[in-house]
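One-letter residues, chain by chain:
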Amino acid sequence: MKKLIALFLLLTLLVPAVMAEEAISPALTGTPLSIDPTVGANPADESDYILDENGSKIGYEDASLRIMMETIEVDNVLYRVARVEAADASQLRTGLEDPSRAKKSNYLHTIAQDYNAVLAISADQIVRNESGYVIREGKTYRKKYYKSRDILAIDANGDFHIVYKSDKAALNALLENQECPIVNTFNFGPALVAEGQVLEIPSYYTQFNLGRPEPRCAIGQTGPLSYVLVVAEGRSDDSAGATGAQLAD
């Protein structure tokens, strides 16, 4: 029973793994998925989704993947928060849009369906951008160092590494580790929180209107194979959006 949770963002795509039929323990189990940037996984079983009283999906759980979602309002900003636990690092995956398709065919929900994602979030739009050191599912697409952006590197264990200002030496040190290779990199940022501490927005970040309320998304690692995904709603009557500092808080 392969399934998938996509993460198009800051990352891109998480997928559930093949499960052992006899697994009855609450501990997550699963067979690692193959590394392939062009495919996702088999569709999820609809019975594994968790619904609220109105029938809306608020979570997902099978033997390989747990997701719980909630909406939090802080200072008139609506945050959609998903907390994720996966059995294997291969379930945290990326999915690429198809530049040959019409724009509406590359909406996030459409790409998520293409890869049978359980959960998806937007990433750094490598198809549209020409800068950054880009690795997706172990394949290197571009080797450029975008000094005005940080890099999020994710290794084969599913652990996150922040490379500040796309520092070449720091990134090379990660890439040279053959025992735990880097599987995905994302060029966006800035890094907001490290080791539980809110970081100051660096002066070299002049993009993204960080001092003004905007729709925003973020991803973080909270423990081994545990993650949090956050979307700040914006530009609406219900939620104006968040500044970079508000999102970090």
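Structure's up top.
Here is a short report on the structure shown in this document. Nothing here was measured: the structure is a model prediction, and the numbers come from that model. (Residues numbered from 1 in each chain as written. Predicted model: local features only at pLDDT ≥ 70, side-chain atom pairs only at ≥ 80, totals over all residues. Heavy atoms only, no water.)

1. A word on the overall build of the protein
Now for step 1: Tallying secondary structure elements over the protein gives three helices and 16 strands in all.
Now for step 2: The buried share among the 249 residues of the protein stands at 46%.
Now for step 3: The contacts in the protein between residues at least 6 apart in sequence include a share of 62% that link residues at least 24 apart.
Now for step 4: For the protein, the accessible surface area stands at approximately 13000 Å², while carbon and sulfur atoms represent 49% of it. (Helix = DSSP H or I, 4+ residues; strand = E, 2+ residues; numbered from the N terminus. Buried < 20%, exposed > 50% of the residue type's maximum accessible area, 1.4 Å probe, protein only. Contact = heavy atoms within 4.5 Å. Areas by Shrake-Rupley, 256 points an atom, 1.4 Å probe, with all protein chains shown as cover.)

2. Points about the pairing of strand β6 (residues 77-86)
Now for step 1: Of all 10 residues in β6, seven are buried; the element is thus mostly enclosed.
Now for step 2: Note that strand β5 (residues 65-74) and β6 share 10 bridges and pair antiparallel. The residue bridging Met 69 from the neighbouring strand is Ala 82, located in β6.
Now for step 3: With antiparallel pairing between neighbouring strands as the criterion, β5 and β6 make up a hairpin whose turn holds two residues, including Asp 75 at a positive phi of roughly 50°.
Now for step 4: As paired elements, β6 and strand β16 (residues 226-232) share seven bridges and run antiparallel to each other. Residue pairing in the sheet places Val 84 in a bridge with Tyr 227 of β16. (Pairing = 2+ DSSP bridges.)

3. Considering the nonpolar core
Now for step 1: The biggest cluster of nonpolar side chains holds 22 residues, and the ones touching the most others in it are Ile 67 and Leu 229.
Now for step 2: Contributions of two or more residues to this core are made by β5, β6, β10 (150-155), β12 (182-188) and β16.
Now for step 3: Per element, the largest residue contribution to this core is three residues, and it comes from β6.
Now for step 4: Tyr 79, Leu 192, Val 228 and Ala 232 belong to the second largest nonpolar core, which has 11 residues in total. (Core = buried A, V, L, I, M, F, W, Y, C linked by side-chain atoms within 4.5 Å.)

4. Some remarks on the pattern of salt bridges
Now for step 1: Applying the stated rule across the entire model yields eight salt bridges.
Now for step 2: The shortest N-O distance in the salt bridge between Glu 233 and Arg 80 comes to 3.0 Å. Taken together, the positions of Glu 233 in the loop between β16 and α3 (244-248) and Arg 80 in strand β6 put the pair 153 residues apart, joining distant regions of the chain.
Now for step 3: On the basis of relative accessible area, Arg 80 is assigned to the partly exposed category, the value being 33%. (Salt bridge = Lys/Arg side-chain N within 4 Å of Asp/Glu carboxyl O.)

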